[in-house]
Amino acid sequence: MNIAEKRFRRVFNFSSGPGTLPLPVLERARDELLSLDGAGMSVMEMSHRSDKFGEILDSARKGICDLLALTKSYTVLFLQGGATMQFSMVPMNLLRNGDSADYVITGAWGEKAVNETKKFGNVNVVYDDKPGGYRNVPRQDALMFTPHASYIHYTSNETIDGVEFKYDLDGHGVPVVCDASSNILSKPIDIRKYDLIYAGAQKNIGPSGVTVVIVKKELLERVPKGLPALLDYRIFAGYDSMPNTPNTWGIYLVSLVCNWLKEMGGVEKIAVINAEKAKLIYDAIDSSDGFYAGHAERSCRSLMNLTFRLPTPELDEQFCAEAEKNEMSGLRGHRSVGGIRASIYNAFPKEGVERLVEFMSDFASRNR
Ligand code: PMP
């Protein structure tokens, strides 16, 4: 490979996160790297207190507000520490003394959230599909919440297992907290059902290092006094997400990704495209006479992370190795579960899905 080929080579990147970013966003960021809008410096070299960065922060926040049709009762915060830090921040800020928090576990990330929350107080697990192998999500009417729970937590899309809620969970008066790291902005949601949504940016919103937290302002009233400043939602809300230096580069990319998504037609339009892309792969699985076996129950198959297996782990490995040679990377399932995982977030191009489907058919015919 010569230097130009090395520099401009793009493969179909099925990584679960950090995942593929929209090409126009990368190109724009590249073009603005030396001088952002004539400022004579890149966003990474600019004071976070400058007017220019203030505009970028406003634009990123407005992007999220517009795309999710947030009302004035919500505020958008940009934090660091990943979604994992939210596993701790949520109970630290919202779990009232003596109360318990209800958790719905549909995969590995929900389980981690529970383990972290237990360090801070009482957890009531109202649903746990671990014995079933994390293939399912509960129906709304099968969930019984504790009447005075501080909140209910669930993971709208389990990235490792590939199971996704097809409805917005209703807390019937108990605040709903949702880890939407891997399907935020992939479809319209009924925002009224949510009291707090958090998401690491590195799948559908931007690069790693920024966490978006959307929180109902009234929920901030219960944040206890005396939390460490950088673990306190109220402080972030009071300081416009900047009690200290934020991830300026990350927030800049979030603003570009939101603008890209708006130009694409917003979440309504991307939801249609996402459903079409996922259908192509699920159809390939279902028409393979069992050569490919999908992991999730059909009714809760993720449109973002599509998980399946071949007849043997050796074939899984061979599939990934051959795919890599065909310009498709990142298809290995998470190290804890194996198999194959195709992550096809908003920015993943349909041509890449078509390439994978063609490859699946060819691979099956050669290895049955
Ligand atoms: N929750 C979900 C649903 C995730 O997919 C991930 C990361 N893959 C996390 C939490 C943890 O995110 P982070 O690495 O940003 O802490």
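We now turn to the structure provided with this report. Please read these numbers as outputs of a predicted model, since none were measured by experiment. (Residues numbered from 1 in each chain as written. Predicted model: local features only at pLDDT ≥ 70, side-chain atom pairs only at ≥ 80, totals over all residues. Heavy atoms only, no water.)

**Some remarks on the state of the cysteines**
Link 1 in the chain: A complete count under the given rule lists zero disulfides for this structure.
Link 2 in the chain: As a non-bridged cysteine, cysteine 178 has cysteine 300 as the owner of its nearest cysteine sulfur, 15 Å distant.
Link 3 in the chain: Judged by its relative accessible area of 1%, cysteine 178 falls in the buried class.
Link 4 in the chain: Cysteine 300 gets classed as buried once you look at its relative accessible area, which sits at 1%. (Disulfide = S-S within 2.5 Å. Buried < 20%, exposed > 50% of the residue type's maximum accessible area, 1.4 Å probe, protein only.)

**Here's the deal with the environment of asparagine 115**
Link 1 in the chain: Within the secondary structure, asparagine 115 is located in helix 5 (residues 108-117).
Link 2 in the chain: Take asparagine 115: its relative accessible area is 41%, and that puts it in the partly exposed class.
Link 3 in the chain: For the pair formed by asparagine 115 and serine 88, sequence separation is 27 residues and the distance between their alpha carbons is 9.6 Å. (Helix = DSSP H or I, 4+ residues; strand = E, 2+ residues; numbered from the N terminus.)

**Here's the deal with the pairing of strand 2 (residues 74-79)**
Link 1 in the chain: Among the six residues in strand 2, six count as buried, and that is most of the element.
Link 2 in the chain: Covered by surrounding structure in strand 2 are Tyr74, Val76 and Phe78 together with Thr75, Leu77 and Leu79, the residues of both alternating faces.
Link 3 in the chain: Pairing between strand 2 and strand 10 (residues 211-216): six bridges, direction antiparallel. Across the sheet, tyrosine 74 pairs through a bridge with lysine 216, a residue of strand 10. (Pairing = 2+ DSSP bridges.)

**Regarding the site of the ligand**
Link 1 in the chain: Near the ligand the following residues occur: Gly82, Ala83, Thr84, Phe87, Trp109, Thr155, Asn157, Thr159, Asp179, Ser181, Gln202 and Lys203.
Link 2 in the chain: The side chain of glutamine 202 places a nitrogen or oxygen atom 2.9 Å from an oxygen atom of the ligand.
Link 3 in the chain: Relative to its unbound accessible surface of 400 Å², the ligand loses 85% to contact with the protein. (Near = heavy atom within 4 Å. Polar contact = N/O pair within 3.5 Å; in protein donor to acceptor, adjacent residues only side chain to side chain. Areas by Shrake-Rupley, 256 points an atom, 1.4 Å probe, with all protein chains shown as cover.)

**Observations regarding the side chain of asparagine 157**
Link 1 in the chain: Its place among the elements puts asparagine 157 in strand 6 (residues 157-158).
Link 2 in the chain: Once residues lying within four places of it in the same chain are set aside, the contact partners of asparagine 157 are Val163, Glu164, Asp179, Ser182, Asn183, Ser302, Met304 and Asn305. (Contact = heavy atoms within 4.5 Å.)

**Quick look at the sheet that holds strand 2**
Link 1 in the chain: As summarised here, the arrangement of the seven strands in space is 2-10-9-8-5-3-4, forming an open sheet in which the pairing is mixed. Each edge of the open sheet carries a strand with a single partner, namely strand 2 and strand 4 (122-128). Ignoring which end each strand starts from, the neighbouring axes of this sheet average 20° apart.
Link 2 in the chain: In this structure, strand 5 (residues 152-155) lies alongside strand 8 (residues 176-179), joined through four bridges in parallel fashion. (Axes fitted to C-alpha atoms, helices over the stretch in contact; angles between N-to-C directions.)

**What about the packing of aromatic side chains?**
Think of a pair of aromatic rings as described by two things: how far the centres are apart, and how the planes are tilted against each other in angle.
Link 1 in the chain: As enumerated under the stated definition, the model contains 16 aromatic pairs in all.
Link 2 in the chain: Each ring, one from phenylalanine 14 and one from phenylalanine 348, has its centre 4.4 Å from the other, and the planes form 40°; the classification is tilted. Here phenylalanine 14 is found in the loop between strand 1 (12-13) and helix 2 (23-31), whereas its partner phenylalanine 348 is found in the loop between strand 14 (340-343) and helix 10 (350-367), with 334 residues between them in sequence. Neither residue differs from the other here; phenylalanine 14 and phenylalanine 348 are each classed as buried.
Link 3 in the chain: Three or more aromatic residues joined by ring pairs make a cluster, and in this case those are Phe291, Tyr292, Phe308, Phe319, Phe359 and Phe363. (Phe/Tyr/Trp six-rings, centres within 6.5 Å; stacked < 30°, edge-to-face > 60°.)

**Comments concerning the pattern of salt bridges**
Link 1 in the chain: By the definition in use, this model includes 25 salt bridges.
Link 2 in the chain: Note that lysine 62 and aspartate 66 form a salt bridge whose closest N and O atoms lie 2.7 Å from each other. One end of the pair, lysine 62, and the other, aspartate 66, are both in helix 3 (residues 51-67), four residues apart, so they sit about a helical turn from each other.
Link 3 in the chain: Note that aspartate 141 and arginine 139 form a salt bridge whose closest N and O atoms lie 2.8 Å from each other. In this pair, the class of aspartate 141 matches that of arginine 139, namely exposed. (Salt bridge = Lys/Arg side-chain N within 4 Å of Asp/Glu carboxyl O.)

**Topic: helix 7 (residues 248-263)**
Link 1 in the chain: Relative to the 22 Å expected for 16 residues at 1.5 Å per residue, helix 7 spans 23 Å between its end C-alpha atoms, a close match to the ideal helical length.
Link 2 in the chain: The buried count for helix 7 comes to twelve of 16 residues, which makes it a mostly enclosed element.
Link 3 in the chain: Listed in full, the buried residues belonging to helix 7 are Thr248, Gly250, Ile251, Tyr252, Leu253, Val254, Ser255, Leu256, Val257, Cys258, Trp260 and Leu261.
Link 4 in the chain: Of the surrounding elements, those touching the buried residues of helix 7 are helix 2, helix 3, strand 2 and helix 8 (266-286).
Link 5 in the chain: At the C-terminal side of helix 7, glycine 265 shows a positive phi close to 110°. (Expected span 1.5 Å × (residues − 1).)

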